[in-house]
Amino acid sequence: MAELIGAPRVAPSILSADFGRLGAQVDEVIEAGARVIHVDVMDGHFVPPITIGPLVAASIADRVHAAGGALDVHLMIEQPERQIEAFAKAGADSITFHVEATAHANRTLAAVRELGCLAGIALNPGTPAESIAELAGLADIVLCMTVNPGWGGQAFIAGSPDKVSRLASLAGGARIEVDGGVDASTAGSVAAAGASLFVAGSAVFGAADPAAAYVQIAKAAGAV
């Protein structure tokens, strides 16, 4: 995973995929060039919806890894420290959790790394960038939510590039990831601000041609 995110990458989110043909849709974007597949996990508590768990992550892990790719798990759940081991066993290569969801972000980041995964910390739109200042050097990824978490297809928050820029100065060398409302019209602005991982869900899997949509976003983001 560390090698994969050494260059800018678009990470299609399976939250917006057709779960009746999930494997085929993952294969389609991998064939178009995707190497990081994003898995959005929601618990009905930290955010209102309930989505997927380790079994779904495990169901696609082998095909992603066989293609030389990585599984990027985003936990939008309360007490994420209770679930990180299950996702590591399911094949996650990186596990990101929310700073708002646990009182023990420092310890949880260390635990994710001990499980052999890259460790990420995420922030909601209303959470100040400065909240990660004490975690600099402990996270491999800092994820900036560019919509309020919970549902796909929301509009990109206009002030997000400014926040990305502030996070980049605080992240201690961590890669900046953006998630929410990312498409060919918004990816360039956050790329210019310092983001290098671009999660795209409905903009990819909601398109008539997911592979072509992926390529358009990757070009806009300057991603490989």
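To be clear, the structure that these remarks concern was listed above.
From a predicted model like this one, the values you see are computed outputs, not experimental measurements.

**Student:** When you look at the overall build of the chain in this model, what are you seeing that I'm missing?
**Tutor:** A count of helices and strands for the chain gives 8 helices and 8 strands. In summary, the chain has a C-alpha radius of gyration of 15 Å against a globular reference of 17 Å for 224 residues, a match within 12%. When the backbone C-alpha atoms are referred to their principal axes, the chain occupies close to 40 × 35 × 35 Å. In the chain, 65% of the contacts between residues at least 6 apart in sequence involve partners at least 24 apart.

**Student:** Explain the nonpolar core to me, please; I cannot follow it from the model alone.
**Tutor:** Looking at soluble globular proteins, one finds that nonpolar side chains tend to be buried together. Grouped together as the largest cluster of nonpolar side chains are 62 residues, with contacts concentrated most on Val10, Ile14, Ile37, Leu75, Ile95, Ile121 and Val142. Excluding residues within four positions of it along the chain, isoleucine 37 makes contact with Pro12, Ile14, Val26, Val29, Ile30, Ile60, Val64, Ala70, Leu71 and Asp72. Core analysis: the next-biggest nonpolar cluster, separate from the first, contains 10 residues, Val36, Leu118, Ile141 and Val199 among them.

**Student:** Which parts of the structure should I look at to understand helix 5 (residues 160–170)?
**Tutor:** Every α-helix winds through 3.6 residues per turn, so residues three or four apart in the chain are directed the same way. Looking at helix 5, one finds that the buried residues are Ser160, Pro161, Lys163, Val164 and Leu167. Viewed end-on, helix 5 has its buried residues packed into an arc of 155 degrees, placing them on one side of the element. Taken together, the buried residues of helix 5 touch strand 5 (118–123), strand 6 (141–145), strand 7 (175–179) and helix 6 (187–193). Positive backbone phi, at 60 degrees, marks glycine 172, one or two positions downstream of helix 5.

**Student:** Help me out: how do you make sense of empty space enclosed by the protein in this one?
**Tutor:** In this approach a probe as big as a water molecule rolls over the atoms, and the regions it shows empty are the leftover space. Scanning the entire structure with this criterion turns up 1 cavity of 30 Å³ or more. Here the largest cavity defines a volume of roughly 40 Å³. Ile121, Ile132, Leu135, Ala136, Gly137, Leu138, Ala139, Val142, Leu170 and Ala171 together form the lining of the largest cavity. The class makeup of the residues in the lining of the largest cavity is 9 nonpolar, 1 polar and no charged.

**Student:** Which parts of the structure should I look at to understand the pattern of salt bridges?
**Tutor:** Close approach of charged atoms allows side chains with opposite charge to pair. This model, assessed by the stated rule, comprises 4 salt bridges. Of the charged contacts, one joins glutamate 85 and lysine 89 as a salt bridge, the two residues approaching to 3.3 Å between their closest N and O atoms. Placement of both glutamate 85 and lysine 89 in helix 3 (residues 84–89) is noted, with a separation of 4 residues, approximately one turn of the helix. According to the relative accessible area criterion, glutamate 85 is partly exposed, its value standing at 43%.

**Student:** What is the right way to look at the sheet that holds strand 2 (residues 36–42) in this model?
**Tutor:** By definition, the strands of a sheet pair up through backbone hydrogen bonds, in either a parallel or an antiparallel sense. The parallel open sheet is built from 8 strands, whose spatial order is 1-8-7-6-5-4-3-2. If you trace the sheet from one side to the other, it starts and ends with strand 1 (9–12) and strand 2, each paired once. Sheet twist, expressed as the mean angle between neighbouring strand axes with direction ignored, is 25 degrees. One ladder, built from 4 bridges, connects strand 5 with strand 6; its direction is parallel. Opposite alanine 122, over in strand 6, you have leucine 143 as the bridge partner. Contacting strand 2 and strand 3 (70–76), helix 2 (residues 54–66) crosses the sheet at an angle of about 150 degrees to strand 3. Of the strands in this sheet, strand 4 (94–98) and strand 5 touch helix 4 (residues 105–114), which is tilted by about 145 degrees from strand 5.

**Student:** Sorry, what's going on with the environment of isoleucine 176 here?
**Tutor:** Examined against the element boundaries, isoleucine 176 turns out to sit in strand 7. We classify isoleucine 176 as buried; its relative accessible area is 2%. Considered as a pair, isoleucine 176 and glutamate 81 are 95 residues apart in the sequence and their alpha carbons are 22 Å apart. If sequence neighbours within four positions are ignored, isoleucine 176 has contacts with Val142, Val164, Leu167, Ala168, Ala171, Gly194, Ala195, Ser196 and Leu197.

Rules of the game
- Residues numbered from 1 in each chain as written.
- Predicted model: local features only at pLDDT ≥ 70, side-chain atom pairs only at ≥ 80, totals over all residues.
- Heavy atoms only, no water.
- Helix = DSSP H or I, 4+ residues; strand = E, 2+ residues; numbered from the N terminus.
- Rg over C-alpha atoms; globule rule 2.2 N^0.38 Å.
- Contact = heavy atoms within 4.5 Å.
- Core = buried A, V, L, I, M, F, W, Y, C linked by side-chain atoms within 4.5 Å.
- Buried < 20%, exposed > 50% of the residue type's maximum accessible area, 1.4 Å probe, protein only.
- Arc of directions from axis to C-beta.
- 1 Å grid on protein atoms, 1.4 Å probe; cavity = no way out; pocket = protein on both sides within 12 Å on 5 of 7 lines; lining within 4 Å.
- Points joined across faces, edges and corners; volume = space filled by probe spheres on them.
- Nonpolar A, V, L, I, M, F, W, Y, C, P; charged D, E, K, R; others polar.
- Salt bridge = Lys/Arg side-chain N within 4 Å of Asp/Glu carboxyl O.
- Pairing = 2+ DSSP bridges.
- Axes fitted to C-alpha atoms, helices over the stretch in contact; angles between N-to-C directions.

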